[in-house]
Amino acid sequence: MKLPTRVQLIDVGPRDGLQNEKQPVPAATKIDLVHRLQAAGLREIEVTSYVSPKWVPQMADNHEVMAGMRRQSGVRYSVLTPNLKGFEAAVQDRPDEIVVFGAASEAFSQRNINCSIAESIERFAPVVAAALAAGIRVRGAMSCTVGCPYEGEIAPERVGYLAGLMKGIGVQRVDVADTIGVGTPRKVQAAIEATLPHFDIDAVSGHFHDTYGQALSNTLAALEMGVWNFQSSVAGLGGCPYAKGATGNVATEDVVYLLHGMGIETGIDLDALVDAGAYISEQLGRPTGSRVARALLAKRASA
């Protein structure tokens, strides 16, 4: 088995991690988190989204956050854009990449954005075209690729169908996301396998939630297939507002510890990353969701 020698992590904490927080998180705190993540060595950060404040009030400060960041050379800053109006707002802030999204579950698509999978992709077609014309990269988030809170288990063929639609409108790379964290290694591998006829392995990333404690196992399963791009969230922040019972994303600290223990390079300073997670957890008034961070912080305290 030949595993990747290096892995690129996209930290989605500032956007996906914070979007569901009920109490407003100050823009200054979000900006500080981005700075701490890039200082720790993250080279891809999902910063914010351009959705209606009515639906996601936590992201209403998107312009302020993007304008307040000190951009670091070599770091890619991505943002979520749900429609053309969102893209037109985002483009003012010069993101390096936009993220469009679709579900492998028809029921989830209807509950989330009130349209079918095919209709959702049709809506994103002009967004993707506008981004590519502006020289902005496009990533497609494929949610519910192994399980759905409404439909249950998702067949790999549905994942392949969604991947094909995304490829057809010009999406450059995709995330295979276990949105509600019910996936196990073989199911995750089947979802990735269904994606590969449409996207090269270098254009596929894993995005795993840890609801049933399987996220690291699923990460290893994806690594075994040659996947070397993954999304994670500092301190295990995040969930999904439209997926009842979904807990946080896998913690970036836990993924880095796994990868470094396997001799796989990430370019990330684990101690600095733990500090970033401790910072945002303190700001939110709760313990970090990373088991690795808790262990390392306890070890520091007892030293």
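What comes next is a walk through the structure. Not measured: the values here are computed from a predicted model.

Looking at the sheet that holds strand E5 (residues 137–143)
- The sheet built from eight strands closes into a barrel, its strands ordered E1-E2-E3-E4-E5-E8-E9-E10 with parallel pairing. For this sheet the average axis-to-axis angle between neighbouring strands, irrespective of direction, equals 30 degrees.
- Bridge count for strand E8 (residues 173–178) against strand E9 (residues 204–208) is five bridges, and the pairing is parallel. Pairing of Asp 178 across the sheet is with Phe 208, part of E9.
- The sheet contacts of helix H2 (residues 27–39) involve strand E1 (8–11), strand E2 (44–49) and strand E3 (76–80), and relative to E2 the element is tilted by about 170 degrees.
- Along the sheet, helix H6 (residues 117–133) makes contact with strand E4 (97–103) and E5, crossing E4 at roughly 170 degrees.

What to know about the packing of helix H8 (residues 185–195) against helix H9 (residues 215–224)
- Running from N to C, H8 and H9 point in directions that differ by 45 degrees, and their axes come no closer than 9 Å. The angle between H8 and H9 places the two elements in the oblique class. Crossing handedness for the pair H8 and H9: right-handed. For the pair formed by H8 and H9, the contact residues are Pro 185, Val 188, Gln 189 and Ile 192 on the first element and Ser 217, Asn 218, Ala 221, Ala 222 and Glu 224 on the second.
- Counted by class, the contact of H8 with H9 contains five nonpolar, three polar and one charged residues.

About the thresholds
- Residues numbered from 1 in each chain as written.
- Predicted model: local features only at pLDDT ≥ 70, side-chain atom pairs only at ≥ 80, totals over all residues.
- Heavy atoms only, no water.
- Pairing = 2+ DSSP bridges.
- Helix = DSSP H or I, 4+ residues; strand = E, 2+ residues; numbered from the N terminus.
- Axes fitted to C-alpha atoms, helices over the stretch in contact; angles between N-to-C directions.
- Contact = heavy atoms within 4.5 Å.
- Parallel < 35°, antiparallel > 145°, perpendicular 65-115°, else oblique.
- Left-handed = near helix turned anticlockwise from the far one by under 90°.
- Nonpolar A, V, L, I, M, F, W, Y, C, P; charged D, E, K, R; others polar.

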